[in-house]
Amino acid sequence: ADPELQATLSTRVIKSPQGKIHVALTACLFLLCLLGVTKPSSAEYFAMIPFNTAIGKFRAWNLLTSAYYDNSIVMGCINTAVAFIVGRMLERKWKLEFAKFLAVINLATMLTIFIIMVACYASTTDMKFLLSPVCGFSAANAAFGVALKQLAPNQNCVASFDKIKFKHLPAIVIACAVVCYGLGVTQFKDLLLVVFGTYYGWLYLRYFMPYPGNAIRGDSSEEFAFKTLWPGPLRPIGAMFGNITFGCCEMCGFCKVVDGPVAEELPRTAIPSTSIPIPEVPDTVSEAERKQSERRRALAVKAINERIEQLKQARSSAQNKAKAMETSPPDAPAEGNGGGADNV
């Protein structure tokens, strides 16, 4: 795992190399939150209001600005703090890809919620779905949890407490969002931000994120399958959604995986039944080396199985040839050969 992610929280923030993207992001979140709290009417121009965005006033830029705008002082402070702390670590790891990650997750989430709000209005004719403002950085922060789970799944969130690790963050974030919505602390649109932020964060890292030294995009390792984002009882449902996502991406030509989605969601010991056991990749190696080892392992398993099939076919062919020789009558001796022997 990355050495920075193994340090304490304060060490991660202090020792991370200074970057410009997360600083600009933090400043933008702070200023737009301050604007939203002090001047609520600014939501007309910065929040994603379906009627204003594409139906009544055609303010399509709201799909871009709404993720960084907030009219809640509590959520604004939480989102700004998380963006500064986690953003500093991710920018160190991803460089400019960090900005692209933010843009894709926020735009995809806001566009999806826009479609859902319009569909709800079409089915109920309730204008509240078109006039309710949607804003906040919750989607990107939920995607940050997925990124930390990918980079260092077995690292503690807090150094002195080993019960909660980075691999638990996606499920914890969604559980907190569900509880807050159930208690009436947040609205349904806030829950949608977290859910779709988590999903699109995983989708981008799984199939579209470029990694240095890798010829293909995305992280196809079994440890990052969609089902691993959820606790044990929910993993069959997660595996089903993971297979559906894989099928859609494969149909659109977005992904090329050695083994199909079923093999992707099975445990290591079940891929395949004729495979030769290969040692697990130790957790001490770097993330890039681990992913490269996973790909080599998958290719080695595939080559071994192909060789086994070739041997089976060759053995079957040899057996059929032997049976054919046993059932055919013996050839009669040629007269020419016998006459030559007498003459000698």
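Details of the structure are given in the entry above.
Report on the accompanying structure.

Calculation criteria
Residues numbered from 1 in each chain as written. Predicted model: local features only at pLDDT ≥ 70, side-chain atom pairs only at ≥ 80, totals over all residues. Heavy atoms only, no water. Salt bridge = Lys/Arg side-chain N within 4 Å of Asp/Glu carboxyl O. Helix = DSSP H or I, 4+ residues; strand = E, 2+ residues; numbered from the N terminus. Buried < 20%, exposed > 50% of the residue type's maximum accessible area, 1.4 Å probe, protein only. Patch = residues over 30% accessible without salt bridge, like charges linked within 9 Å, V, L, I, M, F, W, Y side chains within 5 Å. Areas by Shrake-Rupley, 256 points an atom, 1.4 Å probe, with all protein chains shown as cover. Phe/Tyr/Trp six-rings, centres within 6.5 Å; stacked < 30°, edge-to-face > 60°. Core = buried A, V, L, I, M, F, W, Y, C linked by side-chain atoms within 4.5 Å. Contact = heavy atoms within 4.5 Å. Expected span 1.5 Å × (residues − 1). Arc of directions from axis to C-beta. Axes fitted to C-alpha atoms, helices over the stretch in contact; angles between N-to-C directions. Nonpolar A, V, L, I, M, F, W, Y, C, P; charged D, E, K, R; others polar. Parallel < 35°, antiparallel > 145°, perpendicular 65-115°, else oblique.

## Concerning the pattern of salt bridges
So, point 1. Applying the stated criterion across every chain, the model contains two salt bridges.
So, point 2. Notably, a salt bridge pairs glutamate 44 with lysine 57, separated by 3.9 Å at the nearest N-O pair. Placement of the pair is glutamate 44 in helix α4 (residues 43-46) and lysine 57 in the loop between α5 (50-55) and α6 (62-65), with a sequence separation of 13 residues.
So, point 3. Its relative accessible area of 33% is what places glutamate 44 among the partly exposed residues.
So, point 4. A relative accessible area of 43% means that lysine 57 is categorised as partly exposed.
So, point 5. Across the pair glutamate 44 and arginine 59 runs a salt bridge whose closest N-O atoms are separated by 3.8 Å. Taken together, the positions of glutamate 44 in helix α4 and arginine 59 in the loop between α5 and α6 put the pair 15 residues apart, joining distant regions of the chain.
So, point 6. Here the salt bridges share partners, and the residues they tie into one network are Glu44, Lys57 and Arg59.

## Section: a nonpolar patch on the surface
So, point 1. A cluster of nonpolar residues, Leu234, Ile237, Met240, Phe241 and Ile244, forms a patch on the protein surface that exposes about 460 Å² of accessible area.
So, point 2. Mapping phenylalanine 241 onto the fold places it in helix α13 (residues 235-251).
So, point 3. With a relative accessible area of 43%, phenylalanine 241 lands in the partly exposed category.

## Observations regarding the packing of aromatic side chains
So, point 1. This structure, assessed with the given rule, holds 15 aromatic pairs.
So, point 2. When the centroid spacing of 5.8 Å and the interplanar angle of 40° are considered together, the rings of tyrosine 68 and phenylalanine 137 count as tilted. Remark: phenylalanine 137 occurs in the loop between α9 (128-131) and α10 (138-151) and tyrosine 68 occurs in the loop between α6 and α7 (73-94); sequence separation between them is 69 residues. As far as burial versus exposure is concerned, tyrosine 68 and phenylalanine 137 are alike and both buried.

## Focus on the nonpolar core
So, point 1. Counting residues in each nonpolar core, the largest one holds 55 residues, and the members touching the most others are Leu90, Trp94, Phe137 and Leu205.
So, point 2. Breaking this core down by element, the ones donating at least two residues are α3 (21-38), α7, α8 (97-124), α10, α12 (188-207) and α13.
So, point 3. For this core, the leading source of residues is α12, giving nine residues.
So, point 4. Aside from chain neighbours lying at most four places away, what touches leucine 90 is Lys95, Phe98, Phe144, Ala147, Leu148 and Leu151.
So, point 5. Grouped together as the second largest cluster of nonpolar side chains are five residues, Ala142, Ile174, Ala177 and Val194 included.

## A look at the environment of proline 212
So, point 1. Mapping proline 212 onto the fold places it in the loop between α12 and α13.
So, point 2. Taking relative accessible area as the criterion, proline 212 reaches 73% and is therefore assigned exposed.
So, point 3. Once the C-alpha coordinates of proline 212 and tryptophan 94 are considered, the two residues, 118 residues apart in sequence, prove to be 9.7 Å apart.

## Regarding α3
So, point 1. Between its terminal C-alpha atoms α3 stretches 26 Å, which fits the 26 Å expected from 18 residues at 1.5 Å a residue.
So, point 2. Looking only at α3, the buried set comprises His22, Leu25, Thr26, Leu29, Leu32, Cys33 and Gly36. In a view along the axis of α3, the buried residues occupy a sector of 145°, so they form one face of it. Exposed side of α3, more than 90 degrees from the buried face: Leu31 and Thr38 are the residues found there.
So, point 3. The elements touched by buried residues of α3 are α4, α7 and α8.

## Comments concerning the packing of α3 against α8
Relative placement of two packed helices is described by the angle separating their axes and the distance separating the axes.
So, point 1. Interhelical geometry of α3 versus α8 gives an angle of 35° and a closest axis separation of 10 Å. Between α3 and α8, the residues in contact are Ile21, His22 and Leu25 and Phe98, Ala99 and Leu102, respectively.
So, point 2. Of the residues in the contact of α3 with α8, the class split is five nonpolar, one polar and no charged.

## Some remarks on the packing of α10 against helix α11 (residues 169-182)
So, point 1. Two numbers describe how α10 lies on α11: the axes approach to 8 Å, and their chain directions differ by 160°. The angle between α10 and α11 places the two elements in the roughly antiparallel class. The segment α10 lies against α11, with Ala142, Gly145, Val146, Leu148 and Lys149 engaging Leu169, Pro170 and Val173.
So, point 2. Within the contact of α10 with α11, the residues separate by chemical class into six nonpolar, one polar and one charged.

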